[in-house]
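Close look at the chain arrangement
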Amino acid sequence: MKFKDYYKTLGVEPDASADDIRRAYRKLARKYHPDRNKETGSEDRFKEVGEAYEVLKDAEKRKQYDQLRAGGYRGGEDFRPPPGWDGGGFGGVGGTRTRGAGGGAAEGFSDFSEFFESLFGGGLGGMGGGMGGGRRQARAKGRDITATVEIDLDTAFNGGKRRIALDRDGKRQNLDVNIPAGVTPGRKIRLSGQGEPGPGGGPAGDLLMEVKIAPHPLFQLDGRNVLVDLPVAPWEAALGAEVRVPTLGGKVNLNIPAGSSSGKRMRLKGRGLPGKPAGDQIITVKVEVPKPGSDRERELYEELAEVSGVNVRENL
């Protein structure tokens, strides 16, 4: 059999960190995954990448492989396990292999290479057939990955499409994400098949986009309810008035009751984020008193002070 240079297979240096190895594997596995790459030889390349990663991601396997490599073996050279090698020194899940007369792999195990199995024996739990037959790696779904997408409040209310950019293994990838109307902060939007490649040719995992909603200059969120402060003039608060109020769906009319004070809360039913049930818009009255802009305005304030019998501090 031939010695395999697992570092060369993944395109990393022998002193590569665990993170470097993982990034290299993800990049190559995504490139050669059978569900994405239909070119001749891509499935074999995918298996080679997976086998290299199985060795180099495991500190003990990598240590013993490095010991062999330090003995002068190079990729493509003839190789035979050194004397005393037990063929399963790492306790493979499938146990020590039975070998045919020519030293080849016996039937009933995974389809990792003869080189791999001569070093590590058996199969790999959950990856190969060492647990109960089958010559191919078990198909399994790849791992899900998570990311964050920030949207504005108008998009959360109306829904829409948002393009996001993800950095994956040093490459930028653009994805279009459909934002459902009524989405709330912290909700996860699932993009099927955009996660990590699945082992054994299995389907890729999913990408879970956690929603973050950017601050709005006017509105605040409380669950599905939308909060807004409404400035009101003193005469509107005292006499009552019909005023135009902004909502995420456009301006609506609102009746301010006579005698309203700052802090009074009013509710517009169903004017919050869509959903089942929809949220409401909660309005807080803020009475704003303008400075007199003319002598006549000052005279009116003075006249009001003389004729009004209200003592707003009588309870203090």
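Residues numbered from 1 in each chain as written. Predicted model: local features only at pLDDT ≥ 70, side-chain atom pairs only at ≥ 80, totals over all residues. Heavy atoms only, no water.

The next subject is the overall build of the chain. Within the chain, the secondary structure is distributed over 8 helices and 11 strands. Counting only residues that meet the buried cut, the chain has 38% of its 316 residues in that class. Across the chain, the fraction of contacts at a sequence separation of at least 24, relative to all contacts at a separation of at least 6, is 58%. Entry remark: accessible area of the chain is about 18,300 Å², with carbon and sulfur atoms responsible for 47%. (Helix = DSSP H or I, 4+ residues; strand = E, 2+ residues; numbered from the N terminus. Buried < 20%, exposed > 50% of the residue type's maximum accessible area, 1.4 Å probe, protein only. Contact = heavy atoms within 4.5 Å. Areas by Shrake-Rupley, 256 points an atom, 1.4 Å probe, with all protein chains shown as cover.)

Once that is clear, we can look at the packing of helix H2 (residues 18-32) against helix H3 (residues 42-56). Packed helices, taken two at a time, are described by the angle between their axes plus the distance between the axes. Relative to each other, H2 and H3 sit at 165°, their axes nearing to 9 Å. By the criterion of interaxial angle, the relationship of H2 to H3 is roughly antiparallel. Like other packed secondary-structure pairs, H2 and H3 cross with a definite hand, here left-handed. The residues of H3 that touch H2, namely those facing Ile21, Arg22, Tyr25, Leu28, Ala29 and Tyr32, are Ser42, Arg45, Phe46, Val49, Gly50, Tyr53 and Leu56. Of the residues assigned to the contact of H2 with H3, the class counts are 9 nonpolar, 2 polar and 2 charged. (Axes fitted to C-alpha atoms, helices over the stretch in contact; angles between N-to-C directions. Parallel < 35°, antiparallel > 145°, perpendicular 65-115°, else oblique. Left-handed = near helix turned anticlockwise from the far one by under 90°. Nonpolar A, V, L, I, M, F, W, Y, C, P; charged D, E, K, R; others polar.)

One pass over the full model with this rule turns up 17 salt bridges. Taking the shortest distance from any N to any O, the salt bridge between Asp20 and Arg23 comes out at 2.6 Å. Within this pair, Asp20 and its partner Arg23 are both found in helix H2, separated by 3 residues, close to a single helical turn. Within this structure, Lys141, Asp144, Arg190 and Asp206 form a network of salt bridges that share partners. (Salt bridge = Lys/Arg side-chain N within 4 Å of Asp/Glu carboxyl O.)

What follows covers the confidence of the model for the chain. Any region with low pLDDT has predicted coordinates that should not be read closely. For the chain, the average pLDDT comes to 81, and 85% of its residues sit at 70 or higher. Counting interchain partners and residues more than four positions distant, the pLDDT-below-50 stretch residues 122-136 has 46 contacts. (pLDDT = per-residue confidence, 0-100.)

Attention now goes to the environment of Pro274. Within the secondary structure layout, Pro274 lies in the loop between strand E10 (265-268) and strand E11 (281-287). Look at Pro274 and you get partly exposed, because its relative accessible area is 27%. Separated by 117 residues in sequence, Pro274 and Phe157 have C-alpha atoms that sit 6.6 Å apart. Those residues in contact with Pro274, other than ones at most four positions away along the chain, are Phe157, Ala181, Gly182 and Arg224.

Strand pairing in a sheet relies on backbone hydrogen bonds. The paired strands run either parallel or antiparallel. The mixed open sheet is built from 4 strands, whose spatial order is E6-E7-E11-E10. What marks the edges here is a single partner per strand, and that holds for strand E6 (220-222) and E10. Strand-to-strand, the axes of this sheet are offset by a mean angle of 35°, without reference to chain direction. Two elements, E10 and E11, share 4 bridges in a ladder whose sense is antiparallel. Its bridge partner being in E11, Arg265 is matched across the sheet by Thr284. (Pairing = 2+ DSSP bridges.)

Pairing is mixed in the open sheet, where 3 strands are placed in the order E1-E5-E4. For this open sheet the edge positions go to strand E1 (145-151) and strand E4 (188-191), each flanked by a neighbour on one side alone. Across the sheet, the axes of successive neighbouring strands diverge by a mean angle of 30°, strand direction being ignored. With 4 bridges connecting them, E4 and strand E5 (residues 207-213) associate as antiparallel partners. Directly across from Leu191, in E5, lies its bridge partner Leu207.

Under the definition given, this model contains 6 aromatic pairs. Aromatic side chains Phe3 and Phe115 sit 5.1 Å apart centroid to centroid with 70° between the ring planes, which places their arrangement in the edge-to-face category. A residue pair is termed long-range when its members are at least 10 positions apart, and Phe3 in the segment before helix H1 (6-10) and Phe115 in helix H5 (residues 114-120) qualify at 112 residues. The residues Phe3 and Phe115 share a single accessibility class, namely buried. With centroids separated by 6.1 Å and ring planes inclined at 45°, the aromatic side chains of Tyr7 and Tyr65 adopt a geometry described as tilted. A residue pair is termed long-range when its members are at least 10 positions apart, and Tyr7 in helix H1 and Tyr65 in helix H4 (residues 59-69) qualify at 58 residues. Across the pair, exposure class does not vary: Tyr7 and Tyr65 are buried alike. Aromatic ring contacts, followed pair by pair, group Phe3, Tyr6, Tyr7, Tyr65 and Phe115 into a single cluster. (Phe/Tyr/Trp six-rings, centres within 6.5 Å; stacked < 30°, edge-to-face > 60°.)

Residues of strand E7 (residues 225-232) alternate between two faces, with Val226, Val228, Leu230 and Val232 buried on one and Asn225, Leu227, Asp229 and Pro231 left unburied on the opposite face. Bridge analysis of E6 against E7 gives 3 bridges, and the strand direction is antiparallel. Residue pairing in the sheet places Asp222 in a bridge with Asn225 of E7. Hairpin connection from E6 to E7: 2 residues lie between these consecutive antiparallel strands, with Gly223 at a positive phi of about 70°. With 7 bridges joining them, E7 and E11 adopt parallel strand pairing. Bridge pairing in E11 places Asp229 opposite Thr284.

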